[in-house]
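Each chain is listed here by its residues.
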Amino acid sequence: MSFTKINGKVVRVDLRQSGPVVARRGAMLFYTGNVRFSPHGIPGGAGGAPGLGGLAGMAGRMLQGEHEATMLAQGDGVVHYGFRGLETHIVDMSAGGELRVEASRLLAHTPGLQSAVVSVAAASGGGGGGGGLFGALRGAATGAMTGTGMFTTQLTGQGAAVLLAHGGVFELQVGGPTPVVVDPQAFVASYGPVRTELKSSMSWRNVGRTGGEAMQLECTGQGIVYVQASEEKL
């Protein structure tokens, strides 16, 4: 694994072993050696979400922004990363697979992972929202209700990624006889073929009386769901 934890809030990476590393802008704490930093783009970030058309892409940019600005670090040195004193969690993707994570909760990842911005509707495997503009708008509504964005970052391939969270991260196995249900604002990421579907316990009769658990995220399939020990947004 390319990243090493220094403590709960800081990770280090040796670029001589990992190769170039992508991290969110402002996350570099310090480095030693000869390291160069340059802006890094992400597929789907400039022209809207793939397959959704210009209108949906415009809606996404207006509602949430498609991804956090990232920087590419390369050279011959060791870089230390952290962000706002948040807890870090390293995800080992050496076996390959797919990681879907809220852009605000992704600190860094290795170059062997291909990143793209996808719509919430597409990333959830449909979830009843459909594709195209209708699915995108449903994803926007979901984001408005849960505090998550309309778009999510999808990492595929082999490597490692570092997540950010308040109060640490719990790994929950998905794949048993019953689904795993989490608070949408505590949801950090999912690894593997995990399907997430928004459920509501709210009806016209109990509007305003359901408290903070009116919206729930039901996770099914096979894989891991990462949940932070807080409902606080990043």
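Small disclaimer: the values here were computed from a predicted structure and weren't measured.

Draft legend 1. Spotlight on the pattern of salt bridges. Evaluated as defined, the whole model comprises five salt bridges. A salt bridge links Glu98 to Arg100; the shortest N-O distance between them is 2.5 Å. Lys199 is the partner of Glu197 in a salt bridge, and the nearest nitrogen-oxygen pair spans 3.8 Å. In this structure Lys199 comes out as partly exposed when scored by relative accessible area, which is 33%. Among the ionic contacts, a cluster of salt bridges with common partners joins Asp14, Arg16 and Asp76.

Draft legend 2. Region of the structure containing the packing of aromatic side chains. The full count for this structure, using the stated rule, is one aromatic pair. For Arg24, the ring lying beneath its charged end belongs to Phe83, and the centroid distance is 4.0 Å.

Draft legend 3. Geometry of the nonpolar core. In terms of nonpolar packing, the biggest core is built from 19 residues, with Phe3, Val11, Val13, Leu15, Val21, Tyr81 and Leu107 touching the most fellow members. Where this core is concerned, the elements lending two or more residues are strand E2 (10–14), strand E3 (21–24), strand E5 (70–81), strand E8 (106–109) and strand E11 (159–165). Excluding residues within four positions of it along the chain, Val11 makes contact with Phe3, Thr4, Lys5, Ile6, Val79, His80, Tyr81, Thr88, Ile90, Leu107 and Val162. Formed by 16 residues, the second largest nonpolar core is a distinct cluster that contains Val91, Leu155, Tyr191 and Ile224.

Draft legend 4. Just the sheet that holds strand E13 (residues 180–182), in detail. Ordered by their spatial adjacency, three strands build an open sheet running E13-E16-E15, and the pairing between neighbours is antiparallel. What marks the edges here is a single partner per strand, and that holds for E13 and strand E15 (194–200). Geometrically, the sheet is characterised by an average inter-axis angle of 30° between neighbouring strands, direction not taken into account. Across seven bridges, E15 lies against strand E16 (residues 215–221) in antiparallel orientation. Opposite Arg195, over in E16, you have Thr220 as the bridge partner.

Draft legend 5. The arrangement of the pairing of E5 in detail. Here E2 pairs with E5 via four bridges, running antiparallel. Residue pairing across strands places Val13 opposite Val79, the latter belonging to E5. Examined bridge by bridge, E3 and E5 share four bridges and lie antiparallel to one another. Within E5, the position partnered with Val22 by the bridge is Leu72.

Draft legend 6. Structural view of the environment of Val181. Position of Val181 among the secondary structure elements: in strand E13. The class for Val181 is partly exposed, based on a relative accessible area of 44%. Taking C-alpha positions, Val181 is 8.9 Å from Thr220, a pair spaced 39 residues apart along the chain. For Val181, the contacting residues outside a window of four places in its chain are Gln216, Leu217 and Glu218.

Draft legend 7. Here's a closer look at a nonpolar patch on the surface. A grouping of Met28, Leu29, Phe30, Tyr31 and Phe37 is seen on the molecular surface, where their side chains present a nonpolar patch of about 430 Å² in accessible area. Looking at the element boundaries, Met28 is found in strand E4 (residues 28–40). For Met28, a relative accessible area of 33% puts it in the partly exposed group.

Conventions and cut-offs
- Residues numbered from 1 in each chain as written.
- Predicted model: local features only at pLDDT ≥ 70, side-chain atom pairs only at ≥ 80, totals over all residues.
- Heavy atoms only, no water.
- Salt bridge = Lys/Arg side-chain N within 4 Å of Asp/Glu carboxyl O.
- Buried < 20%, exposed > 50% of the residue type's maximum accessible area, 1.4 Å probe, protein only.
- Phe/Tyr/Trp six-rings, centres within 6.5 Å; stacked < 30°, edge-to-face > 60°.
- Lys NZ or Arg CZ within 6 Å of the ring centre and 35° of its normal.
- Core = buried A, V, L, I, M, F, W, Y, C linked by side-chain atoms within 4.5 Å.
- Helix = DSSP H or I, 4+ residues; strand = E, 2+ residues; numbered from the N terminus.
- Contact = heavy atoms within 4.5 Å.
- Pairing = 2+ DSSP bridges.
- Axes fitted to C-alpha atoms, helices over the stretch in contact; angles between N-to-C directions.
- Patch = residues over 30% accessible without salt bridge, like charges linked within 9 Å, V, L, I, M, F, W, Y side chains within 5 Å.
- Areas by Shrake-Rupley, 256 points an atom, 1.4 Å probe, with all protein chains shown as cover.

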